[in-house]
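# Summary of structural features
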Amino acid sequence: MKRLNKMIVCLGALLVFSMGLNFSAQTIYAQENAAIVDEGQNGDIEEYKNVYVWKYKVINGNLYKRKYNRVTGEWVGKWTRV
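Residue numbers run consecutively from 1 along every chain, following the written order of its sequence. Reporting of local features is limited, given that this is a predicted model, to residues whose pLDDT is at least 70; pairs of side-chain atoms are given and counted only at 80 or more, and all residues count toward the totals for whole chains, interfaces and linings. Heavy atoms throughout the structure, all of them, feed into the side-chain values; hydrogens and water do not.

### Digging into the overall build of the protein
Helices and strands together make up the secondary structure of the protein, namely one helix and three strands. Runs of E in the DSSP output that reach at least two residues are strands. Runs of H or I that reach at least four are helices, and both are numbered from the N terminus. Taken from the N to the C terminus, the helices and strands of the protein come in the order α-β-β-β. Exposure categories follow from relative accessible area, calculated using a 1.4 Å probe and restricted to protein chains: below 20% of the type maximum is buried, above 50% is exposed, and the middle band is partly exposed. Of all 82 residues assigned to the protein, the portion counted as buried reaches 2%. The contact definition used throughout considers only heavy atoms, calling two residues in contact when any of these lie within 4.5 Å. When contacts within the protein are restricted to residue pairs at least 6 apart in sequence, those whose partners lie at least 24 apart make up 5%.

### So, the side chain of N69
Among the structural elements, N69 can be located in strand β2 (residues 62–69). For N69, the residues in contact, after removing those within four places along its chain, are N50, V51, Y52, E74 and V76.

### Section: a nonpolar patch on the surface
Exposure above 30% relative accessible area and the lack of any salt bridge qualify a residue for a patch; like charges then connect within 9 Å, and the nonpolar side chains Val, Leu, Ile, Met, Phe, Trp and Tyr within 5 Å. Note that accessible areas follow from Shrake-Rupley with a 1.4 Å probe, and for residues the cover is restricted to the protein chains shown. Take a side-chain nitrogen of Lys or Arg and a carboxyl oxygen of Asp or Glu: if they are within 4 Å of each other, that pair is a salt bridge. There is a patch of nonpolar side chains on the surface, built from W54, Y56, V58, L63 and V82 and spanning about 520 Å² of accessible area. Of the residues forming the nonpolar patch, the biggest block, three residues, is contributed by strand β1 (residues 52–59). You can see V58 is positioned in strand β1.

Here it is as structure tokens:
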């Protein structure tokens, strides 16, 4: 029983060390020349997240709602009755 436990521990250690050597053998180099990003006219990089709001209207006494994207200025989906 002791011999079996010792063998399992040795095999486990061998597996762990062999995996560690595999990963540490790779060399990673930093890129010296970075790409130039076009920043636009004002020098700022502008990135917007979509902002959705609900728009409501009443037609013939019925309330309807529709999603509107404030960033792109486009409607999303169709009018649905509330």
